[in-house]
Amino acid sequence: GQSLEQPSEVTAVEGAIVQINCTYQTSGFYGLSWYQQHDGGAPTFLSYNGLDGLEETGRFSSFLSRSDSYGYLLLQELQMKDSASYFCAVRGDDKIIFGKGTRLHILP
Amino acid sequence: EPEVTQTPSHQVTQMGQEVILRCVPISNHLYFYWYRQILGQKVEFLVSFYNNEISEKSEIFDDQFSVERPDGSNFTLKIRSTKLEDSAMYFCASSGFDQSNQPQHFGDGTRLSIL
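Residues numbered from 1 in each chain as written. Chains lettered and ligands numbered in written order. Predicted model: local features only at pLDDT ≥ 70, side-chain atom pairs only at ≥ 80, totals over all residues. Heavy atoms only, no water.

Quick notes on the state of the cysteines
Applied cut-off: Cysteine sulfurs are considered disulfide-paired once they come within 2.5 Å of each other. Going along the chain from the N terminus, every DSSP run of H or I of four or more residues is numbered as a helix, and every run of E of two or more is numbered as a strand. In this scheme, a residue with accessible area under 20% of its type's maximum is buried, one over 50% is exposed, and one in between is partly exposed, where area comes from a 1.4 Å probe on protein chains only.
Overall, the coordinates contain 2 disulfides over all chains when judged by the stated rule. Each sulfur in the disulfide pair C22 of chain A and C88 of chain A lies 2.2 Å from the other. Sign of the S-S torsion, about 75 degrees for the bond between C22 of chain A and C88 of chain A, identifies this disulfide as right-handed. Here C22 of chain A, found in strand β3 (residues 18-25), pairs with C88 of chain A, found in strand β9 (residues 84-91); they are 66 residues apart in sequence, far enough to count as distant. Summarising the burial analysis for this pair, C22 of chain A and C88 of chain A share the class buried. Between the sulfur atoms of C23 of chain B and its disulfide mate C92 of chain B the distance is 2.0 Å. Residues C23 of chain B and C92 of chain B are joined by a disulfide whose S-S torsion is about -65 degrees; by sign, that bridge is left-handed. Of this pair, C23 of chain B sits in strand β3 (residues 19-24) while C92 of chain B is found in strand β9 (residues 88-95), placing the two residues 69 residues apart along the sequence. Overall, the relative accessible area of 0% leaves C92 of chain B in the buried class.

Regarding the layout of surface pockets
How we decide: Cavities and pockets were defined on a 1 Å grid built from protein atoms only: a cavity is a group of points that admits a 1.4 Å probe but offers it no way out, a pocket is an open group of points flanked by protein on both sides within 12 Å along at least five of seven lines, and a lining residue is one with an atom within 4 Å of any such point. Grid points are joined across faces, edges and corners, and a volume is the space filled by probe spheres set on the points. The residue classification treats Ala, Val, Leu, Ile, Met, Phe, Trp, Tyr, Cys and Pro as nonpolar and Asp, Glu, Lys and Arg as charged. All others, Gly included, are polar.
Its boundaries defined by the atoms lining it, the largest pocket holds a volume of some 360 Å³. Lining the largest pocket are 21 residues, with Q37 and S85 of chain A together with Q37, G40 and Q41 of chain B sitting closest to its centre. Listed by contribution, the elements that provide at least two residues to the lining of the largest pocket are β9 and β11 (102-107) of chain A together with β9 of chain B. In terms of residue class, the lining of the largest pocket is made up of 5 nonpolar, 11 polar and 5 charged. By volume, the second largest pocket amounts to about 250 Å³. Lining the second largest pocket are 16 residues, with K95, I97 and F98 of chain A together with K42 and E59 of chain B positioned closest to its centre. For the lining of the second largest pocket, the secondary structure elements donating two or more residues are β1 (3-5) and β10 (96-98) of chain A together with β5 (43-50) of chain B. Across the lining of the second largest pocket, the residue classes tally to 7 nonpolar, 3 polar and 6 charged.

So this is what it looks like as structure tokens:
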């Protein structure tokens, strides 16, 4: 079957760096995206990787290794407002699949 | 910045009743999507729509579901005979292109409660 695996929760300290991993198993692969969702809010697009390597957007970076079916989201200089759930999403042959989300807790 | 708008924000419906959730995508976007998120769970893809046709749908999107673009601005999701398990947050999204590198812009969602 098709699946995405990511940790359910991660805790980090304000100002630190945190990495959220995502492994996937899908029928077809057309890129890995990351979305942020605050409690009660809508998902918002953060980044996309279609090819292997690192994509950087400000404090956020995302990495993809297609041969390992693996990617990660790296958040630097953590701020309290980064407390949210983070979803990886893969576009497969016939649909978009979201992971179950990683809840990021940030400690002051 | 243009945004996707959804109405109502909360819909309460008796089991077995029909419900229509409404969305106004970003005006120059061509691809539209519906997602469902049961409380505390992941976002689940329901359907994508382009050029007045369904382009993809998931196994969740059975005969009880339908989508329509009745005019140039609205995009609706209809559930014909609601079940208790249809209770969830329903998100509409739109994008300019149906490509993975194109961000999907999500609305704030409609919380559907089935009694």
